[in-house]
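Here are the chains, one letter per residue:
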Amino acid sequence: LYSFVNTNGGYQQLLLNQSHRKLLLEKLISAAQQIVVDNLRKLSFDQVIKKHDISPEQIYKWLQAQLKTSQPTINDSGGGSRALLGLPTLSGKSTLPDLIEKQFAMKIQSIHGTTGCFALCFETEDLSLASLAFRLMQLRPDVLELVKRIHTRTDIEWSSLNDLFQAASGNSSSTVPVT
């Protein structure tokens, strides 16, 4: 910002020039954002908890709400899942991953380097397509009507959602091949 102002004749000259005013505003916003991000990266949840004397019960209640919000709604469709916790860059190790593992009996991978945010996300794998389709139909009964409007490749013999629904509900003893 400083070099931009100096090479363009100072603030007064920049403000007199219409096109430079916009650039100056962009540079000021960018500099302010960078300062905020740099400071947020130094945030430590452990220090905030200690400084504000937050009780373990409050932390557990907050973590429980965060876990509930971040867990996929399809978790009951089988398969496995992994959890990832993103924390700001810290000067030392955070106790949050250990708290989550102990309180909620959940293995969690943590990384440091977010821009001040607490980020919790889940990844699922090996989901049964039939169970997933069944779950989707429970949540959105209109999905069968919507599927009719989707254009797909015609050179592939696709299984229908009705086939998947029957397989998930147990009305068919055979497995449904899905291409």
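Residues numbered from 1 in each chain as written. Predicted model: local features only at pLDDT ≥ 70, side-chain atom pairs only at ≥ 80, totals over all residues. Heavy atoms only, no water.

**Student:** Just to check I follow, could you spell out the overall build of the protein chain for this structure?
**Tutor:** Helices and strands together make up the secondary structure of the protein chain, namely nine helices and three strands. Mapped in sequence order, the helices and strands of the protein chain form the string α-α-α-α-α-β-α-β-β-α-α-α. Taking all 179 residues of the protein chain together, the buried fraction comes to 21%. At a minimum sequence separation of 6, the contacts of the protein chain that also span at least 24 residues come to 68%. (Helix = DSSP H or I, 4+ residues; strand = E, 2+ residues; numbered from the N terminus. Buried < 20%, exposed > 50% of the residue type's maximum accessible area, 1.4 Å probe, protein only. Contact = heavy atoms within 4.5 Å.)

**Student:** Would you mind going over the pairing of strand 1 (residues 80–88) with me for this structure?
**Tutor:** Each regular strand carries side chains that alternate between the two faces of the sheet. Across seven bridges, strand 1 lies against strand 3 (residues 119–125) in antiparallel orientation. Residue pairing in the sheet places Leu 84 in a bridge with Cys 121 of strand 3. Taken together, the six bridges between strand 1 and strand 2 (residues 108–114) define a ladder with parallel strand orientation. Counterpart to Leu 87 in the pairing with strand 2 is His 112. (Pairing = 2+ DSSP bridges.)

**Student:** When you look at the sheet that holds strand 3 in this model, what are you seeing that I'm missing?
**Tutor:** Think of a sheet as strands paired side by side through backbone hydrogen bonds, with each pair either parallel or antiparallel. Spatially, 2-1-3 is the arrangement adopted by the three strands of the open sheet, whose pairing is mixed. With one partner strand each, in any of the chains shown, strand 2 and strand 3 form the two edges of the open sheet. Ignoring strand direction, the axes of neighbouring strands in this sheet form an average angle of 25°. (Axes fitted to C-alpha atoms, helices over the stretch in contact; angles between N-to-C directions.)

**Student:** What exactly am I supposed to notice about the pattern of salt bridges here?
**Tutor:** Note that side chains of opposite charge can pair when their charged atoms are close. The final tally for this structure, using the stated rule, is three salt bridges. Taking the shortest distance from any N to any O, the salt bridge between Arg 82 and Glu 123 comes out at 2.4 Å. Residue Arg 82 is located in strand 1, and its partner Glu 123 is located in strand 3; the two are separated by 41 residues in the primary sequence. Since its relative accessible area comes to 43%, Glu 123 is described here as partly exposed. (Salt bridge = Lys/Arg side-chain N within 4 Å of Asp/Glu carboxyl O.)

**Student:** Sorry, what's going on with helix 5 (residues 56–70) here?
**Tutor:** Working note: α-helix, 3.6 residues per turn, so residues spaced by three or four point in the same direction. Between its terminal C-alpha atoms helix 5 stretches 21 Å, which fits the 21 Å expected from 15 residues at 1.5 Å a residue. Every buried residue of helix 5 is listed here: Ile 59, Leu 63, Leu 67 and Ser 70. All buried residues of helix 5 lie within an arc of 70° about the axis, which places them on one face of the element. For helix 5, exposure combined with an orientation more than 90 degrees from the buried face picks out Glu 57, Lys 61, Lys 68 and Thr 69. On its buried face, helix 5 is in contact with helix 4 (45–51), helix 6 (96–104) and strand 3. (Expected span 1.5 Å × (residues − 1). Arc of directions from axis to C-beta.)

**Student:** Just to check I follow, could you spell out the packing of helix 5 against helix 6 for this structure?
**Tutor:** One way to put it is that helix 5 packs onto helix 6 with a least axis distance of 11 Å and a crossing angle of 85°. Taken together, the axis directions place helix 5 and helix 6 in an arrangement best described as roughly perpendicular. Residues Ile 59, Tyr 60, Leu 63, Gln 64 and Leu 67 of helix 5 touch helix 6, and the partners they reach there are Leu 96, Leu 99, Ile 100, Gln 103 and Phe 104. Taken together, the residues of the contact of helix 5 with helix 6 break down into eight nonpolar, two polar and no charged. (Parallel < 35°, antiparallel > 145°, perpendicular 65-115°, else oblique. Nonpolar A, V, L, I, M, F, W, Y, C, P; charged D, E, K, R; others polar.)

**Student:** Can you help me understand the environment of His 112 in this one?
**Tutor:** Along the chain, His 112 turns up in strand 2. On a C-alpha basis, the gap between His 112 and Gly 86 in space is 5.9 Å, while along the polypeptide they are 26 residues apart.

**Student:** What should I look at first to understand the confidence of the model for the protein chain in this one?
**Tutor:** If pLDDT is low for a region, its predicted coordinates should not be looked at in detail. Residue-level pLDDT values for the protein chain average 78, and 85% of them are 70 or greater. Note that residues 172–179 has pLDDT below 50 and, in this model, twelve contacts with residues that lie over four places away or in other chains. (pLDDT = per-residue confidence, 0-100.)

**Student:** What exactly am I supposed to notice about helix 6 here?
**Tutor:** If you check which residues of helix 6 are buried, you get Leu 96, Pro 97 and Ile 100. Viewed along the axis of helix 6, the buried residues span an arc of 105°, placing them on a single side of the element. Taken together, the buried residues of helix 6 touch helix 4, helix 5, strand 1 and strand 2. Looking one or two places after helix 6, you find Ala 105, whose phi comes out positive at around 50°.

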